[in-house]
Each structure stands twice: as structure tokens, then as C-alpha cells.
There are 4 protein chains.
Amino acid sequence: MVRVGIINVTGYAGAELARLLAAHPEARLTSVSGRSAAGKALAEVFPHLAGYDLTIGEEIGDVDFAFSALPHAASAEAIVPLVRAGLPVVDISADFRLKDAAEYAEWYGVAHPAPELLAAAVYGLSELNREAIAGAKLVANPGCYPESALLALAPAVKAGIVGPDVIVDSKSGISGAGRTLALTYHFAEANESVSAYSLGGHRHFPEILQELTAMWPRAEAPQPPRPRLTFTPHLIPMTRGILSTCSAPLVEGGVRDGGEARDLYREFYKGEPFVRVVDAPPATKQVSGSNLCLVHPTVDQRTRRLVVVSVIDNLVKGAAGQAIQNMNTMLGLPETAGLIAPAVYP
Amino acid sequence: MVRVGIINVTGYAGAELARLLAAHPEARLTSVSGRSAAGKALAEVFPHLAGYDLTIGEEIGDVDFAFSALPHAASAEAIVPLVRAGLPVVDISADFRLKDAAEYAEWYGVAHPAPELLAAAVYGLSELNREAIAGAKLVANPGCYPESALLALAPAVKAGIVGPDVIVDSKSGISGAGRTLALTYHFAEANESVSAYSLGGHRHFPEILQELTAMWPRAEAPQPPRPRLTFTPHLIPMTRGILSTCSAPLVEGGVRDGGEARDLYREFYKGEPFVRVVDAPPATKQVSGSNLCLVHPTVDQRTRRLVVVSVIDNLVKGAAGQAIQNMNTMLGLPETAGLIAPAVYP
Amino acid sequence: MVRVGIINVTGYAGAELARLLAAHPEARLTSVSGRSAAGKALAEVFPHLAGYDLTIGEEIGDVDFAFSALPHAASAEAIVPLVRAGLPVVDISADFRLKDAAEYAEWYGVAHPAPELLAAAVYGLSELNREAIAGAKLVANPGCYPESALLALAPAVKAGIVGPDVIVDSKSGISGAGRTLALTYHFAEANESVSAYSLGGHRHFPEILQELTAMWPRAEAPQPPRPRLTFTPHLIPMTRGILSTCSAPLVEGGVRDGGEARDLYREFYKGEPFVRVVDAPPATKQVSGSNLCLVHPTVDQRTRRLVVVSVIDNLVKGAAGQAIQNMNTMLGLPETAGLIAPAVYP
Amino acid sequence: MVRVGIINVTGYAGAELARLLAAHPEARLTSVSGRSAAGKALAEVFPHLAGYDLTIGEEIGDVDFAFSALPHAASAEAIVPLVRAGLPVVDISADFRLKDAAEYAEWYGVAHPAPELLAAAVYGLSELNREAIAGAKLVANPGCYPESALLALAPAVKAGIVGPDVIVDSKSGISGAGRTLALTYHFAEANESVSAYSLGGHRHFPEILQELTAMWPRAEAPQPPRPRLTFTPHLIPMTRGILSTCSAPLVEGGVRDGGEARDLYREFYKGEPFVRVVDAPPATKQVSGSNLCLVHPTVDQRTRRLVVVSVIDNLVKGAAGQAIQNMNTMLGLPETAGLIAPAVYP
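Residues numbered from 1 in each chain as written. Chains lettered and ligands numbered in written order. Predicted model: local features only at pLDDT ≥ 70, side-chain atom pairs only at ≥ 80, totals over all residues. Heavy atoms only, no water.

To continue, consider the overall build of chain A. When helices and strands are counted, chain A shows 10 helices and 14 strands. A compact globule built from 346 residues would reach a C-alpha radius of gyration of about 20 Å, and chain A, at 20 Å, matches this within 12%. Summarising its shape, the C-alpha atoms of chain A cover approximately 60 × 45 × 40 Å along the three principal directions. Every one of the 346 residues in chain A was classed for burial, and the buried ones make up 66%. Accessible area of chain A: about 11,500 Å², with a carbon and sulfur share of 51%. Computing the positive centroid from 28 side-chain charges and the negative centroid from 35, chain A places the two 3 Å apart. (Helix = DSSP H or I, 4+ residues; strand = E, 2+ residues; numbered from the N terminus. Rg over C-alpha atoms; globule rule 2.2 N^0.38 Å. Buried < 20%, exposed > 50% of the residue type's maximum accessible area, 1.4 Å probe, protein only. Areas by Shrake-Rupley, 256 points an atom, 1.4 Å probe, with all protein chains shown as cover. Lys, Arg positive; Asp, Glu negative; His and termini not counted. Charge placed at Lys NZ, Arg CZ, Asp CG, Glu CD.)

With that settled, the discussion passes to the interface of chain B and chain C. Taken together, the 45 residues of chain B in the interface contact 45 residues of chain C. When chain B packs against chain C, close to 3,500 Å² is buried across both sides, 58% of that on carbon and sulfur atoms. Its largest share of buried area at the contact with chain C, chain B owes to Glu192, Leu199 and Arg302 of chain B, together 18% of the area lost on that side. Across the contact surface, chain B and chain C share two salt bridges. Asp169 of chain C serves as the salt-bridge partner of Lys171 of chain B, at 3.0 Å between the closest nitrogen and oxygen. Residue composition of the side of chain B that touches chain C, by class: 20 nonpolar, 15 polar and 10 charged. (Contact = heavy atoms within 4.5 Å. Buried area = accessible area lost by both parts, 1.4 Å probe. Salt bridge = Lys/Arg side-chain N within 4 Å of Asp/Glu carboxyl O. Nonpolar A, V, L, I, M, F, W, Y, C, P; charged D, E, K, R; others polar.)

Superposing chain B onto chain D takes a rotation of 180° plus a shift of 0.0 Å along the axis, which leaves an RMSD of 0.0 Å. Accordingly, the operation relating the two chain copies is best matched by a two-fold axis. Most of the interface of chain B is mirrored in chain D: 100% of its interface residues are interface residues there too. (Least-squares fit on C-alpha atoms with pLDDT ≥ 70 in both.)

Superposing the two chain copies requires a rotation about an axis and a translation along that axis. For the pair chain B and chain C, the superposition axis carries a translation of 0.0 Å, the fit reaches an RMSD of 0.0 Å, and the rotation angle comes to 180°. Here 100% of the interface residues in chain B have copies in chain C that are interface residues too; the copies meet face to matching face.

Below, the discussion takes up the confidence of the model for chain A. Mean pLDDT for chain A: 97, with 98% of residues reaching 70 or above. Two summary scores accompany this predicted model of the complex, namely pTM at 0.97 and ipTM at 0.96. (pLDDT = per-residue confidence, 0-100.)

Right, let's get into the packing of aromatic side chains. Enumeration over the complete set of coordinates arrives at 30 aromatic pairs over all chains. Here Trp107 of chain A and Phe205 of chain A contribute two aromatic rings whose centre-to-centre distance is 5.8 Å and whose plane-to-plane angle is 40°, an arrangement assigned as tilted. Within this pair, whereas Trp107 of chain A is found in helix H4 (residues 101–108), its partner Phe205 of chain A is found in helix H8 (residues 204–215), the two being separated by 98 residues in sequence. Ring centres of Phe268 of chain B and Tyr269 of chain B lie 4.9 Å apart, and the angle between their planes is 85°; on these two criteria the pair is classed as edge-to-face. Using a relative accessible area of 30% as the deciding quantity, one classes Phe268 of chain B as partly exposed. (Phe/Tyr/Trp six-rings, centres within 6.5 Å; stacked < 30°, edge-to-face > 60°.)

The interface is formed by 19 residues belonging to chain B together with 19 residues belonging to chain D. Between chain B and chain D lies a buried interface of about 1,700 Å² when both sides are counted; carbon and sulfur atoms form 62% of it. Broken down residue by residue, the surface that chain B buries against chain D is led by Leu181, His186 and Phe187 of chain B, which jointly contribute 41%. Counting the contacts that link chain B with chain D gives two salt bridges. Two residues, Arg179 of chain B and Glu189 of chain D, come together in a salt bridge whose shortest N-O distance is 3.2 Å. At the boundary of chain B and chain D, one finds 10 residue pairs in polar contact (both at pLDDT 80 or more). The element contributing the most residues to the side of chain B that touches chain D is helix H7 (residues 187–190) of chain B, with four residues. (Polar contact = N/O pair within 3.5 Å; in protein donor to acceptor, adjacent residues only side chain to side chain.)

Right, let's talk about helix H9 (residues 258–268) of chain D for a bit. Residues and elements named next belong to chain D. Turning to H9, its buried residues are Gly258, Ala261, Arg262 and Tyr265. Down the axis of H9, the smallest arc covering the buried residues is 95°, so these residues share one side. Away from the buried face of H9 by more than 90 degrees, exposed residues Asp263 and Glu267 are located. Packed against the buried residues of H9 are helix H6 (144–159), strand S12 (275–277), strand S13 (293–300) and strand S14 (305–312). (Arc of directions from axis to C-beta.)

Another aspect to go through is the environment of Ala188 of chain C. Residue placement: Ala188 of chain C occurs in helix H7 (residues 187–190). Expressed as a C-alpha distance, the spacing of Ala188 of chain C and Ser310 of chain C, which sit 122 residues apart in the sequence, is 29 Å. Residues in contact with Ala188 of chain C, not counting those within four places in the same chain, are Tyr12, Ser175 and Thr239 of chain A together with Lys285 and Pro346 of chain B.

Backbone torsion omega between Tyr345 of chain B and Pro346 of chain B reads 0°, so that peptide bond is classified as cis. Within the secondary structure, Pro346 of chain B is located in the segment after helix H10 (316–331). If you check the backbone angles, Glu192 of chain A has positive phi at about 55° while not being a glycine. Residue Glu192 of chain A is classed as buried on the basis of its relative accessible area, which comes to 13%. Look at Ser198 of chain D: it is not a glycine, yet its phi comes out positive at around 50°. By the secondary structure assignment, Ser198 of chain D is in the loop between strand S9 (195–196) and helix H8 (204–215). For Ser198 of chain D, a relative accessible area of 30% translates into the label partly exposed.

This is how it looks when you write it as C-alpha cells:
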């Protein structure tokens, strides 16, 4: 039984890790930390976790594996000693997602606390990076928006069937904003309302672009086209879920229609336990509480754009579920361990 | 491995049974029926159940145990041959809840299709009736409102600390109304709105009253007091959950305060895996997706009324979870099998 | 044109006053204050009020009438000099609702800042107190829960048809908690959840009881029965609206059935522009954004209890709309001025 | 006083017309029709319209102006005799929006019932077409999505600052789907869920494209570029509101940044009572219940795309409010008559 610790269990991602680990057959949550709530029982802070007999500590204790759900910068600082001590870690914060410390500083407004670890850190999107994850000691868990956008776009991008003008329009439930209070997330303000935000640039933008660029086919020409991304996130009056509507122009000789697109996607995701290519537009409710991503590629014949809709639960496949999937891979456990529960519908 | 069938899987209770059974270590869903959707794959009707490779049949096939999630009357008709064939059955419909066929006819508007089975049927509220359930071949799964009200009231009633004027004010999420379309449950009508309904008498009224009466302490006097119940159900703009606010006057010598009430309730529910007596008013979100019932008894000192608030997920402890708990007991499996997942919060 | 000022426009009640006054034919909002936002344009804080060209001041300027939407205690302090200067005022806070300064201190935790004004202040529930309001210089606007409960109960209480054991079970949208941030009102916490709160005693309890007692029929006996109230408020996942389910035992010779109850209520509310007795259970959506109260009295024949359901918009008839209705009466304007817009449905 | 009739008042657009007309100073609703509810009081079908003493008829009676809120095809059929009789009409259905009867037949699946009226019908988007509306007898009220998209794009398109690859990603509340029952709009299915729909082509697509093409600058070249539109509508778990996120590549010499874009938009909409260019991303809640459209243009500097977010209430500016605005213009009334109420926030 793997002994697992969660650093900063008091946010939604941390609590979701604890929820999912309760069903894990080969890992056991044995230690949780969280500064503001240190000393309290986990069940006091989160009544739904009353099944655990754990007290929140200042630090996590002796464990075989750690998740960090700290905010960025604080997370890297907390992880450095663990990684040095040889402990395998999945970081749910953004600290090890961007490969370039300067870009990190630009988007997150602080110097990277541990740039020396960036090279060894692996971007933990299982379906695209499984082998590297298997050999990694430090995995950067993807952001929720990037998870949904990259799973929607990767098959098309890798097959070279789309041109570089990529549009990602994402709709997120409000738990994505975390548990910290703000007027925008006050019920009476957020309910019965939709809004766009971070139009000047969301922190998940460079992450999506970095990964799209990395998978973009290399052209022969001296200056190959690189993806250009417009990413617009929206806040939706629901608790869980992200739907991303992604599109890009099809190149000559790309797929003929939606059917062909779905064939290509099905081939790409063949055998993947957590990605399903579906024939009808999916709804976030179909994945709520589960680690599934549903992907529905179509072709807008009038403009010859590929339009792909993907849905995930932002707290599961977009955070805690993906993190456990990464842990499983890093430890050589069955990748689906602890993650097989169907979505909670309706 | 117990082979399980669900009769009429196409409603919310049926689908929820299938969701929960996916996590059951000793039972396997092997057969599902549903007339309108017969011939379709289960995954087509319910994308969240894509993990099952099952086709919906006109009837269920050869199984070791059956749940019926048919509407009332149709359910009893379908169950009769199964029970005669010796198959253990949990009926999620209302058909075997009321002991009196005349009362059934009055409230449900049809003659009872199988009055001869009423005597043998056991009311399946585990915490109050475990032994009888263990020996039963036919268990009537409680209604969602009765489940929440009876768990809130039983410890006080059985201890004889309350008088007969019982008020139950229940608030239910809209999934309780099922999957059948009606203007009242149309999103634009139900959202941002609360309403009371069935003020003239809800079908769960006689069920609550029957069970309250059965557990009511027998007084010495020739005409013992019997409970008088006012039950008012409400529709709340959320999908899952029931909160019942129950109250009754404390008798002389009843508990002194909320603390004593909670002590009494904790003693009553000691060892129960699915009922927790809590120190703060609970929220339905704390049990969403789980088989838990949280109960919070308090005393209104100004009027000396006991006021108890309980919360359940109407589709789990109020339907499919309770049904699986009953199956476990009937088959001698661990009572918690398949039901240990924490609530999905937030 | 009456020049109107709003003290502390920055909460929901203040903003709602401004919204409603925009449609008032004989009053014009000319001055608004609000400390934290002083110096900002009203349209900056509330984009929906962009029609006003007003800057939020530290204090309101020269006006003919003032509303105070300050928190309790601060409100009384701000009102004292205005009342002394002869300005008619409606106080939306709780400061002048309770007649007894000691009771105020007990429930609100502070000594009353202006007990000398309590005697002259009039409780501003138009339908019950119109004449006194007409002659008042200081009107205490009712709390949102009392407004809904008293309108539901008054006709029965005044007719003497109910006994003293009164139960009020209220369900409120979350805007009732105001604009101040708290985890309970965070979208991801409040959405898809119902909870009871203030079970030990809500501040609106003494207000409801005071008014019920005042209208309770005086019996001949030396110790007449006085009402005993159990009041339980609940938080519902919607923005606006309160539904109160009120019940009390019918006395011998009380109304025979729901039809008779509705006749009695219709007679009581004859000519009232903002109370409608309805034949079917009302929904809060039917009054959203409007100053209406819908009341539906019924009789539970099994227990001979009167059960009355009422709905209001907590921010209109439960706050700003009632306040303007009071202003109209105080100033001799048509009582419906500015308040005739139908509800916004769906 | 203009006597107004509403044909088919029983849907959401019809009911919203009645709500808004209640505040109109120069028009009075005197007649309403609706086949299924004929013979019932308007107040019975819609309790929030109890202020009207009107009975729903099979047909509307003698009026000075008519709105048709019938479904497509039925609407044109009902309108033909009215137009022939000289009655000015606003058609809220889609029947007179597309100029080309063949295109109508393709998208709506029926031959156009009155192609001879198409030439005279005017597309009723006030801000773009005011003069033509003023002289028209038959105005086709825009669809809700086109209203939001065209107001977002028109200033940029007419200024010639964007190239032809236009993306419109729209998010709509569920009232846009009308009052007809369907599983998709069942509360338990729609709540806590987001989905895209009509990916193969929504009926509002040709309408948006027709109007974009009409306003597209004519180039000198023999084959001028024409707009290419990708339009993706989404269903959001809220009742009212549409947010459209629209983007198109900026041409060389287009606006430098968001500030310049907003200057251009402010100039374009100068004096418009119902369109406001705002400096921060707007939320649908800011316009709920009102006839306002908020528009927020920005520039994505990384890709040099213009990104414009607009919000409307789909039932007001997207339907009934725009219809009344058209009536006002057609009859020479003040354009804002009956439409000045601020949004209902929160």
C-alpha cells in the first residue's frame, strides 16, 4: 500500500484528491497538510471526508508519494526538498508546467523558485506523454483548461490536418476559481450569469501554446508555421465542469467530414481508458465526478474548419484525477486504479 | 459474484443503481430492461454508463437478484412472477410500502396488483428494520421523503421524548420528480424558484405516518396517543438532495437541550455506517452522490420543540443506495459493499 | 419631484432601491452614499445602474426623503440627526423594528444607539399598519422573513381562527445574505445545496413574534394564550425569493377548508395592490423582481392545521419595494407609485 | 394610446412582450391569442401577468399594431392577412429574416408561406437599420443570437478593420429554447451542465451571415472577400441571457489595441440608448430583464485578432424588447418608450 500525502489539502483540488484516493485500491492517504487549518481534523474542514481519521498538519509526514496542491511559487518551494530527498511528486500548481523560467516569471509575476528542476519535470498529460511520466520523479499536472484543449486538439495537430490559427473558447464551472472568496464567485453575483475573463491573457495560455507548439509538425521550410492561439475562458453558473470549443482551419487534404475526423480521433485514442470520442455533442454533466474526457470532433464544411468540443470535470481529469493517473503511472500501478467510478449523473 | 438485474433502468433511480453497482465488489449488473428503450445500448441512453457493455432488453434475463425501478402498479405486476420463482427482489416503487391494500388504493388510485404479497414484504429502512430485511425475499425500498424524515425522527420517537404533533417540512431537488417531462420541471420554470406542492396530501404522507405509528411507544391508557403528521414537500432549484426539517413537541422529561438530543441520537445510531449525527446544521451538498444521511437534532428552548434537520441524496440513500444496502443485507454481503464512496463535494 | 437619498447604496438593498426608483414617477434619486465606494460613480460599482449620473458620496446631500440601507447600529446612528432635522426616513436595517431596547441588545449584541426614537418609529408593514405609517416620520422597514411570515399569518391570527403553536419554515435565496463575502455564500459551496441555519434563534424571530403577539386576539381569561413560534430559516440555491411555509392549529369553529380560508384571506386583503390570494401553491419565480406577495392558505384536514404558503422577492417586497411603498404612504403619494412592474418571469 | 395585440402570447417571447408592454406609456395591450390556451385568462396561464384583465382568444381582435410570436411558417401565415389589411406588424418568428425564400426553405424545411412579402419586410435591428424600420409595415425581429453577434461585430465590419474569418461562439440561457418540453431542457438534465449544439448548422447561422455580408465593405477587386462564419451555440445552466464571444483577424492598419477598438465602437454607437461599450468584460446578469446590450471589444495582440464580447437578455433585446423598440420606431413613438427599466441585478 502506497502511503500518500497531500500538501495543502484545504482547497478544492486537495479535497478532491482525498475524495478520489478513498477508492484507490493500492494507495492510502496517510498525511495531509494545510497551514490555515493545521490542527483541525480533516472531517471538520470537509464533512464529506469524515471517513478519514486524519488531522491536518503544518507539514506532511513520512510518505511514499506526495501531491502538492499549494498555490504557485509556494508549491515549488515546498517541493524542492521532497524531490531532493527522492520522493516522487505530482505538482498540481503551475510551477513546473512552463519549460521557460522567464516565461514563468512573466505570467506568474515571480521569479521561479526552483528553475533547476524545470528540465527534469515532466508535463503530466497522460495521453500525450505517458512514457516520460513513467520515468519521472516530478510531474507537473496540467492546468484544467490546457487539459481540455490539448485533448481536443492533439489528434488533429499531430496528424498535420490543421493550420496554425487555433481558437479555444472555454467554459468553466466556478469551482475552477478555487475556494478563495471574491465578489465574482459570490453566489448572488455568479448565479444566472455568464462572463468572459482574462481577455488580455490567461495564465493557461502559454501552457496551451507551449504544448501545441511542441506537438506541431515540423515543416521542411526554413520558417515552419507555428500555432497562433486565441484562448478565451468563460465563467459559467455551475460548480464543476469545463467545456472547450476548439477550432482550427483544415489544411488541404485534411479530413473530409466529421465522420473521418472521428475515425482519426478514435484511432489516436484507441485503448485510452479516460478519453472517449463521441458521436454527439457531449455535456459536462456526462463526466461530472469522473476522470473521463469526452471529445467530439466535427467539420464546419462552410468554412472548412475543424471544430472540436471536449468536456471534462475540471476537478477530476482537470486536476485531482489526472494527478492520480500520473501517480499510478509513476509508480507502475494500473493507470486506472482509483479512477473507475462512473460520472454522477444527473 | 451476484448477477444483478434492473427492471426499468431508464429512469433516474434505475440509472443510479447501475452507477453504484459499477463499484460493487461482489455484485455485477448483468441485465437491464426498459420498454421504451429496449434494443438500445445502455451507453446510448446514458453516456455516463458507457463502461457497461449491456443492451436494454424488454425483460431482464437470468439473474440472482433483481431491482425493480418501474412505476407503481407496473412494478408489483412485474415482481409477482419473480418472487414466485424465488428470486430476491428490492422494489424501488411504492407498491409494497403501505401495509394496507385499501390505503394503497386510496393514495395510488389503483387496486393493488398483488395484495397477497403485502404481508411478506419488508419495509427496507436498514437502520430501523435490519433483521427483517435480512430474512426477506421482497423488500419495499422506502420513499425518498420517508427515508429522510424517519431517520430524523426515529431516535426521538422510540425514546418516547416527543408528543404526537409532528411537522415535516421537506425540500427536494428536482431529480426526485424523475425523468418524465412536465412544465414544472422545465429548466426555465424550475430554476431560480421554490414552491410547495401536494399540499392536499403527498403519497409519501401515509408511508411516513404508517412507520411513525409503528414505532410510536404504546401508552398504558386505553386510547394511546398516535402521531399526527403535517408533511409539506417543496421543490428546490437543484438536481440532487433532500433536506427535511422535522419537529415535534418535547414531552416533560424529554431531553434538556440540543447536546442531550445529539447524545441520544448518537447512541441510537452507534455503529451505523450510513447515518452520522452532526454538531452543525448539515447541507445536502455534504452527502451528494453518497449513501450518507446526516442528522442534526436541536431543541427550540422557547417552545420546547425538538427540531431535527436531516439531509440525504434523494437518489442514493433516498433510492438506489438504500436499495443496494438492502440487497447486501438480504444476501448476507457486507452492508457497505459498493456504497463507501465519499460525497462529491463541492 | 421628491428628491431622494440612499444611505449606503452599495449593498443589495441599496442597489435595489436605486433600481426601483428609476421607474418612480414622483421621486428622483439625487444622492447616494457608501463609505467604501465613496468617490466612485454609481455606474462603476453597479453597471446595471448606468442610467444614473451620480457619484457615491461619504454622506448623502440635501434631500427630501432618505432611505438608510446601513447595517444595524450604524443605521440608527446615521438616522438620528436626519430625524432630528425633520427629514422623513425609512430604515431598512433592523434598528427600529423591535420595540424593546433590551431585546434589541440581546439579539443584536449592541446597546441600541437611539432608544429615544423607538417609541415614535412605526413598523412599516403596509398591509397591517398603513395608517400609522402615513403619519410617521421614521419607519422601520420589516425584515424579509417577517414580511413573508406576517402576511401569511395575519388574516388567520386577526380572525382568531388559529391557536398559538405557530411554525414558520422559510426558504430564502442567497441575496438575502447580502453582498459581504463568506464561504457559505461562495458559489461552489452554495450551489446545488440546501441548508438550515440559525437554529438557535435567528434575529428575525423576535420581530415575527413581536408582531404576532401584537395582533393576537385578547382573550377574556386572566392569562390569555400568547403565540409560541418556531422559526427555521433555510438557504436555497437561488438568488432572489423567499417562500415561507407557515402553519398553526385551527381552533374549534375555525375555517372548514382551504376554500373558506382563501375566502377569509381574500376579504382581509381586499383592495390591497401588492398581496394576492391564489388558488394554487405559488412559486417565488412568480414574484421575482416585483413588489407582490402571493399567499395560498390551505387546511390540512388530517391534523386540522392551517398551512399557508407565501412568496415574495426578498429584495423587493422583502426590502426595497416595501421601503418605497412606505415612502409613498409617508409622503401621501399613490402607494403603488414606482412599484407596478410585473415580475420578471421566467 | 396604441392598441396592441400579441399573436401567440403563450410562449416566453409572447409573455415577455406582455410584461414589457405593462410599462409602456403610449401603448396598451388589448388583445392576446394562443390556440392551446384559448378561453383561459392570461393571468391563469401566467400568474405574473395578473395585472392584465385579458382572456386569451383564438385570434387577436381589433388592434392598431400586432406582434406575432408564433412559430415559423405559422407566423407568416397569420401575418399575411394583417399586412394586407394595412396593420403594422413585428414578426418575432424567423419568417421574414432571410431575404431568400430558397435559403429559408433549406434551413426551415418548409416552403416560405408568403415569399411575396419578403422584399418589403425590413430586418429589425434598430442600431443598424433604423431608417428602414421607420418606414416599414412589416419588420422581421432578429434572432437572439444574431442580435448579440451583429451588435458585437458591426462597428468593426463597417469600419473595414477585420478580415473575413469570423468566429462567433455564443452561450445562451435555456429560456432561448422556449417553453416546449424536451429532455435537454429538463431541469435535472440541463442544470450543472454545459453543451454545444447544432454543430452542423444552426438556423441563426444564415441570418448572421446574410447581415454580415450585407454590411461587408465592397472591395475594388472583381471577387471581393466575403465573410466566412463559424457559429457555435451553447446551452448554459441559467434562464436568461446570451453572451457571444466574437472574433476576426484585424487587417493591416486596423485598430492598434483594445482602447482604440473601444473608441471606434463608442463613436459607432454614439447616442444609442440600448448599446453601451464597456471597459471591462460584461456579464449577462448586468442586462437581465433589460433591453441593453453591453459590448466589450478587445485586441488579442499575440494573434492580432479582434475579440468582442457582447451580452444581452435573450428575451428582451434578443426578442420582446427589440420588438417593442421596432414598434416604437414604426409608429413614430420615442424609441425608448416602455424600455427604460434597469436590469434586475443581482
